[in-house]
Amino acid sequence: MQPIHSIQVLRALAAFMVAIHHVQPDAAVVAQRFGLSFTRSDLLPWMAGVDIFFVVSGFIMVHASQEMFGQAGASFAFLRRRLARIVPIYWATTTLFLLVSLAVPAVLNSGAPSLAQIAGSYLFWPVVSVQGMVQPVYSLGWTLNYEMLFYVLFAAGLALPARWTLPAVVAVLALLVAAEEFAGPLSLPFGFWGQPIVLEFAAGMGLAVLRGKGLRLPGALRIAAASAGVAVLVAAAHWPGTDGPWSSVLWRGGAAVLLMLAAGCGREGVKLPRPVRALAAVGDASYALYLVHPFVIRGLREVALRIGLASPALYIALALSGAVLASVLIYRFFEKPATRRVRRWLGG
């Protein structure tokens, strides 16, 4: 199935939001080194890029897998496809992080991980880190632990009759959240899996169902939905009390649903302007951008400190541009070939 280019644009923006969140502390270090002031931007809740990713993921799983519903062997075919997509570059970045942490631990500001945390990282299993947080060795992988849960549930749903696939997945997600809410805190992994953020996958699935039933918005309504989504994000960044588990899903997840509605329920066949096509290309590399941007940001911070780059703004521009360029190259020359190779190994 052909990708929806506006969704690729949304994925690019989501990954870029997360990169903006992570570049600012390093920019503050650059400013401090040279005696300059730096005020971080809180225009948007930048980590809401993760909420957008989760809603997009729920949408894409339904949109791209509709031909699998009710088919024999669909569960294993789906899992093979998803594992080939997410494992190679994530294992590569995790391994790189481990190597850097051994060679120059001061650059990463992280303690030595336990063997259990290392094993959990490669297996997408929630484990408590040496810092007392439920996160893998490469901390960005916490989102992939949720993604893997969703993939396994979706694959299990594909083993059911087609009409039960989506209701069963939604029911299990809701049951996990309800168990944590009313009987928690639960032990791992259920306490991790039972966070309200997993409901964003269900919201994305619901939007895909609406699209599959023919929902298409004219341009004016898409602009209105996107504008409303951005407005909700701005409000979430400045309204007190919007960062709790449930309020975050309400505000950030709600904004992500509006943005996904605008991106995923438009009319086909519209010629895209060149800048939009360029953003869609970055969206193709958004997974790589999400995983590799911390390496570029931290590496260029060390370069900036050593060469005397006394401009936090210039450092941010270089770091974000470098992260985008690196992600496009990695997508082209590592991620795509590795995905094809692993698919062949898995028989898909």
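Residues numbered from 1 in each chain as written. Predicted model: local features only at pLDDT ≥ 70, side-chain atom pairs only at ≥ 80, totals over all residues. Heavy atoms only, no water.

### Quick notes on the overall build of the chain
Part 1 of the reasoning: Within the chain, the secondary structure is distributed over 14 helices and zero strands.
Part 2 of the reasoning: Element order for the chain, N to C, with α for helix and β for strand: α-α-α-α-α-α-α-α-α-α-α-α-α-α.
Part 3 of the reasoning: The C-alpha atoms of the chain give 20 Å as radius of gyration, which agrees with the globular expectation for 348 residues (20 Å, within 12%).
Part 4 of the reasoning: Principal-axis analysis of the C-alpha atoms gives the chain an extent of 60 × 50 × 45 Å.
Part 5 of the reasoning: Here the chain holds 348 residues, and 46% of them are scored as buried.
Part 6 of the reasoning: Sequence-distant contacts, at least 24 apart, represent 78% of the contacts inside the chain between residues at least 6 apart.
Part 7 of the reasoning: For the chain, the exposed surface amounts to about 16500 Å²; the carbon and sulfur share of it is 69%.
Part 8 of the reasoning: Charge-centre separation for the chain: the mean point of 26 positive side chains lies 12 Å from the mean point of 13 negative side chains. (Helix = DSSP H or I, 4+ residues; strand = E, 2+ residues; numbered from the N terminus. Rg over C-alpha atoms; globule rule 2.2 N^0.38 Å. Buried < 20%, exposed > 50% of the residue type's maximum accessible area, 1.4 Å probe, protein only. Contact = heavy atoms within 4.5 Å. Areas by Shrake-Rupley, 256 points an atom, 1.4 Å probe, with all protein chains shown as cover. Lys, Arg positive; Asp, Glu negative; His and termini not counted. Charge placed at Lys NZ, Arg CZ, Asp CG, Glu CD.)

### Let's talk about the side chain of R252
Part 1 of the reasoning: Note that R252 resides in helix α11 (residues 245–264).
Part 2 of the reasoning: One buried charged residue, R252, forms no salt bridge at all, with the nearest opposite charge on D51 at 4.8 Å. (Salt bridge = Lys/Arg side-chain N within 4 Å of Asp/Glu carboxyl O.)

### Some words on the nonpolar core
Part 1 of the reasoning: If you look at the biggest cluster of nonpolar residues, it comprises 88 residues, and the most contacted ones within it are F154, M260 and Y315.
Part 2 of the reasoning: Here the element with the most residues in this core is helix α1 (residues 5–33); it accounts for 12 residues.
Part 3 of the reasoning: Excluding residues within four positions of it along the chain, M260 makes contact with I7, L10, V55, V56, F59, L207 and C265. (Core = buried A, V, L, I, M, F, W, Y, C linked by side-chain atoms within 4.5 Å.)

### Here's the deal with the environment of R33
Part 1 of the reasoning: Relative to the elements of secondary structure, R33 occurs in helix α1.
Part 2 of the reasoning: When the C-alpha atoms of R33 and L305 are compared, they prove to be 7.4 Å apart, with 272 residues separating the residues in sequence.

### Here we look at a positive patch on the surface
Part 1 of the reasoning: Together, R332, K336, R340, R341 and R344 give the surface a local cluster of positive charge.
Part 2 of the reasoning: Along the chain, K336 falls in helix α14 (residues 312–346).
Part 3 of the reasoning: In this structure K336 comes out as partly exposed when scored by relative accessible area, which is 34%. (Patch = residues over 30% accessible without salt bridge, like charges linked within 9 Å, V, L, I, M, F, W, Y side chains within 5 Å.)

### Some details on the packing of helix α2 (residues 48–65) against helix α3 (residues 74–103)
Part 1 of the reasoning: Interaxial distance between α2 and α3 falls to 13 Å at its minimum, and their mutual angle equals 130°. With respect to each other, α2 and α3 are oriented oblique. For the pair α2 and α3, the crossing hand works out as right-handed. Residues M61, A64 and S65 of α2 form the contact with α3, whose participating residues are F78, R81 and R82.
Part 2 of the reasoning: Its residues assigned to classes, the contact of α2 with α3 shows three nonpolar, one polar and two charged. (Axes fitted to C-alpha atoms, helices over the stretch in contact; angles between N-to-C directions. Parallel < 35°, antiparallel > 145°, perpendicular 65-115°, else oblique. Left-handed = near helix turned anticlockwise from the far one by under 90°. Nonpolar A, V, L, I, M, F, W, Y, C, P; charged D, E, K, R; others polar.)

### Section: the packing of aromatic side chains
Part 1 of the reasoning: Under the criterion given, the structure shown has 19 aromatic pairs.
Part 2 of the reasoning: Aromatic pair F78 and F154: ring centres 5.0 Å apart, planes at 40°, arrangement tilted. Of the two residues, F78 is situated in helix α3 and F154 in helix α6 (residues 142–158); the sequence distance between them amounts to 76 residues. As far as burial versus exposure is concerned, F78 and F154 are alike and both buried.
Part 3 of the reasoning: Each member of the aromatic cluster is reached from another via a ring pair, and the members are F54, F69, F78, W142, Y146, F150, Y151, F154, F192 and F201.
Part 4 of the reasoning: Sitting over the face of the ring of F333, R332 holds its NZ or CZ atom 5.1 Å from the ring centroid. (Phe/Tyr/Trp six-rings, centres within 6.5 Å; stacked < 30°, edge-to-face > 60°. Lys NZ or Arg CZ within 6 Å of the ring centre and 35° of its normal.)

### Some details on unusual backbone geometry
Part 1 of the reasoning: A cis amide bond links L188 with the next residue in sequence, P189, at an omega value of 5°.
Part 2 of the reasoning: Inspection of the secondary structure puts P189 in the loop between α7 (162–183) and α8 (190–193).
Part 3 of the reasoning: You will see that F124, though not glycine, has its phi angle at about 60°, which is positive.

### Points about helix α12 (residues 274–284)
Part 1 of the reasoning: What α12 keeps buried is the set A280, V282 and G283. Angular distribution of buried residues about the axis of α12 spans 155°; they occupy a single face of the element.
Part 2 of the reasoning: Those residues of α12 that are buried are in contact with α1, α13 (286–307) and α14. (Arc of directions from axis to C-beta.)

### Comments concerning the environment of V303
Part 1 of the reasoning: Within the secondary structure, V303 is located in helix α13.
Part 2 of the reasoning: Classification of V303 by relative accessible area gives partly exposed; the value is 40%.
Part 3 of the reasoning: Considering only alpha carbons, one finds V303 and A256, 47 residues apart in sequence, at a separation of 35 Å.

### Observations concerning the pattern of salt bridges
Part 1 of the reasoning: Per the stated rule, a full pass over the model turns up six salt bridges.
Part 2 of the reasoning: Residue R298 pairs with D26 through a salt bridge whose shortest N-O separation is 2.7 Å. Here D26 lies in helix α1 and R298 lies in helix α13, a separation of 272 residues in the sequence. Across this residue pair, the class does not change: R298 and D26 are buried.
Part 3 of the reasoning: Look at the salt bridges and you will find they share partners, linking D26, R298, R301, E302 and R306 into a network.

### As for the packing of α3 against helix α5 (residues 115–123)
Part 1 of the reasoning: The contact between α3 and α5 brings their axes to 10 Å, and the two run at 155°. Of the possible angle classes, the one that applies to α3 and α5 is roughly antiparallel. Contacts from Y90, W91, T94, T95 and L98 in α3 reach I118, S121 and Y122 in α5.
Part 2 of the reasoning: Split by residue class, the contact of α3 with α5 holds five nonpolar, three polar and no charged.

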